[in-house]
Amino acid sequence: MPVPADGRTMALRAAAYLPRLVVLGAVFLFAGATLTYGAAQRISAEAAPKATAPVSAPTVVVPDLSGQAFVFAKGSLEDAGFAWRVIGPVHGYAVNRVASQTPSAGTKLKDTGAPIVTVSLARTAYAETGEPEDVSPYIGTAVVLASTPFVAKPAVPAPTAPKGAEQKPVVKKPAAKKPAAKKAATPVASAKARPPAFVVAAARKEPLDEITLPARATLLSRWLSEHPKASNAAVRHFLYQNAWIVTGAKFGWWHGAEALRLLIGADAKAMQIWGIGHKSELAARHALAEVEARSR
């Protein structure tokens, strides 16, 4: 049957447009694939972890100890977080002075816990009384310069349980809260209220950010009542406070004679509760006689 003219015309037109439709379909298909790939790349980039800057280890700076009486030098080291050790023929008596130190003052170290500073001492005109201390009361740690590069240790894989073994859940106990230490109210006298009893050449001036010598002796007596057992740490604290008060009084610090009288009473209390303190009491009595003679 012959196709009508109008139908034949429409068929020819459809055949002419068919290639264009195929091309447009291919273009849309390619554009959709491109958009899908771009979105996937953007999502992957956002999900990738960002590189964090390396965290620098905390550092500490070695204090300057040159010329200081040993009792004050070791106090400065302990306050700054260092351990210490005395080397050489002169031992760690309180009145001896620091001749040299290693590392030198101002050296920046990595905070490894309690880096060890070694000091060599020189004798002074004052008598070596009491017991010498050649090492710090706690264990020192390694001395590492702050400029030393950090070397990461390889990770140790966690041990795996054998197959078939039942793994028990690990229950972490809550950390016990430590009671906050209560500081005794000990007012620090102002600079104008601390005139020296006498002046000693080349002696360290009284540090005004520390409590006075009488207050320190009073606190020591109170502290003895709270520590009836003579542990190693307690004895070291007792000897350290004795050395501080005796040395400061010999240097002419404010109310040194009064502090020594209080210290003699504290030493007598140590004899009662600990059975030791006789040598410290004798050193305090000798220092009191010297201070009273120089204060006239």
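It should be emphasised that the depicted structure is a prediction, and the values quoted were computed from it without experimental measurement. (Residues numbered from 1 in each chain as written. Predicted model: local features only at pLDDT ≥ 70, side-chain atom pairs only at ≥ 80, totals over all residues. Heavy atoms only, no water.)

(A) Spotlight on the overall build of the protein. A count of helical and extended segments in the protein gives six helices and five strands. Starting at the N terminus and walking to the C terminus, you meet the elements of the protein as α-β-α-β-β-β-β-α-α-α-α. Counting only residues that meet the buried cut, the protein has 31% of its 296 residues in that class. Long-range pairs, those at least 24 residues apart, make up 76% of the contacts in the protein with a sequence separation of at least 6. Summed over its atoms, the accessible surface of the protein is roughly 20100 Å², and 63% of this surface lies on carbon and sulfur atoms. (Helix = DSSP H or I, 4+ residues; strand = E, 2+ residues; numbered from the N terminus. Buried < 20%, exposed > 50% of the residue type's maximum accessible area, 1.4 Å probe, protein only. Contact = heavy atoms within 4.5 Å. Areas by Shrake-Rupley, 256 points an atom, 1.4 Å probe, with all protein chains shown as cover.)

(B) Spatial organisation of the packing of helix H2 (residues 70–80) against helix H4 (residues 232–250). Packing of H2 against H4 brings their axes to within 9 Å, and their N-to-C directions diverge by 130 degrees. Judged by the inter-axis angle, H2 sits oblique to H4. Where H2 crosses over H4, the two elements pack in a sense that is left-handed. Contacts between H2 and H4 pair Val71, Phe72, Lys74 and Gly75 from the former with Tyr240, Ala243, Trp244, Thr247 and Gly248 from the latter. Its residues assigned to classes, the contact of H2 with H4 comprises five nonpolar, three polar and one charged. (Axes fitted to C-alpha atoms, helices over the stretch in contact; angles between N-to-C directions. Parallel < 35°, antiparallel > 145°, perpendicular 65-115°, else oblique. Left-handed = near helix turned anticlockwise from the far one by under 90°. Nonpolar A, V, L, I, M, F, W, Y, C, P; charged D, E, K, R; others polar.)

(C) Looking closely at the packing of aromatic side chains. Enumeration according to the criterion identifies 10 aromatic pairs in this entry. Aromatic side chains phenylalanine 70 and tryptophan 84 sit 5.4 Å apart centroid to centroid with 85 degrees between the ring planes, which places their arrangement in the edge-to-face category. Within this pair, whereas phenylalanine 70 is found in helix H2, its partner tryptophan 84 is found in strand S2 (residues 83–87), the two being separated by 14 residues in sequence. Here the aromatic rings of phenylalanine 72 and tryptophan 244 are separated by 4.9 Å at their centres, their planes lie at 90 degrees, and the arrangement is edge-to-face. Within this pair, whereas phenylalanine 72 is found in helix H2, its partner tryptophan 244 is found in helix H4, the two being separated by 172 residues in sequence. Exposure remark for tryptophan 244: the relative accessible area of 5% places this residue in the buried category. The aromatic ring of tryptophan 244 is capped on one face by arginine 216, whose charged end is 4.3 Å from the ring centroid. (Phe/Tyr/Trp six-rings, centres within 6.5 Å; stacked < 30°, edge-to-face > 60°. Lys NZ or Arg CZ within 6 Å of the ring centre and 35° of its normal.)

(D) Layout of the sheet that holds S2. The strand order S2-S5-S3 describes an open sheet built from three strands, whose pairing is mixed. On the outer flanks of this sheet lie S2 and strand S3 (97–102), each paired with one strand and no other. Taken pair by pair, the neighbouring strands of this sheet meet at an average axis angle of 35 degrees, ignoring direction. (Pairing = 2+ DSSP bridges.)

(E) Looking closely at the environment of tyrosine 93. One can find tyrosine 93 in the loop between S2 and S3. Overall, the relative accessible area of 18% leaves tyrosine 93 in the buried class. In this structure the C-alpha to C-alpha distance between tyrosine 93 and glutamate 133, which are 40 residues apart in sequence, comes to 6.5 Å. Apart from residues lying up to four places away in sequence, tyrosine 93 is in contact with Phe70, Glu128, Thr129, Gly130, Glu131 and Pro132.

(F) Representation of the pattern of salt bridges within the structure. Throughout the structure, instances matching the rule amount to seven salt bridges. Glutamate 133 is the salt-bridge partner of lysine 74, the closest N and O atoms lying 2.6 Å from each other. Placement of the pair is lysine 74 in helix H2 and glutamate 133 in the loop between strand S5 (116–122) and helix H3 (213–226), with a sequence separation of 59 residues. Each member of the pair, lysine 74 together with glutamate 133, is buried. Arginine 123 is paired through a salt bridge with glutamate 128; the nearest N and O atoms lie 3.0 Å apart. (Salt bridge = Lys/Arg side-chain N within 4 Å of Asp/Glu carboxyl O.)

(G) Region of interest: the nonpolar core. The biggest cluster of nonpolar side chains holds 36 residues, and the ones touching the most others in it are Val71, Leu260 and Trp274. Apart from residues lying up to four places away in sequence, tryptophan 274 is in contact with Trp223, Leu224, His227, Pro228, Lys229, Ala230, Ala234, Val235 and Phe238. One finds Val62, Leu65, Phe70 and Leu121 within the second-largest nonpolar core, a separate group that totals 15 residues. (Core = buried A, V, L, I, M, F, W, Y, C linked by side-chain atoms within 4.5 Å.)

(H) Representation of the confidence of the model for the protein within the structure. Residues with a pLDDT of 70 or more make up 67% of the protein, whose mean pLDDT is 79. Throughout residues 181–187 the model reports pLDDT below 50, and contacts reaching past four residues in sequence, or to other chains, amount to four contacts. (pLDDT = per-residue confidence, 0-100.)

(I) Expanded view of H2. Along H2, the residues classified as buried are Phe70, Val71, Phe72, Ala73, Lys74, Gly75 and Leu77. Buried-residue contacts for H2 involve S2, S3, S5 and H4. Downstream of H2 by a residue or two, glycine 81 has a phi angle that is positive, lying close to 90 degrees.

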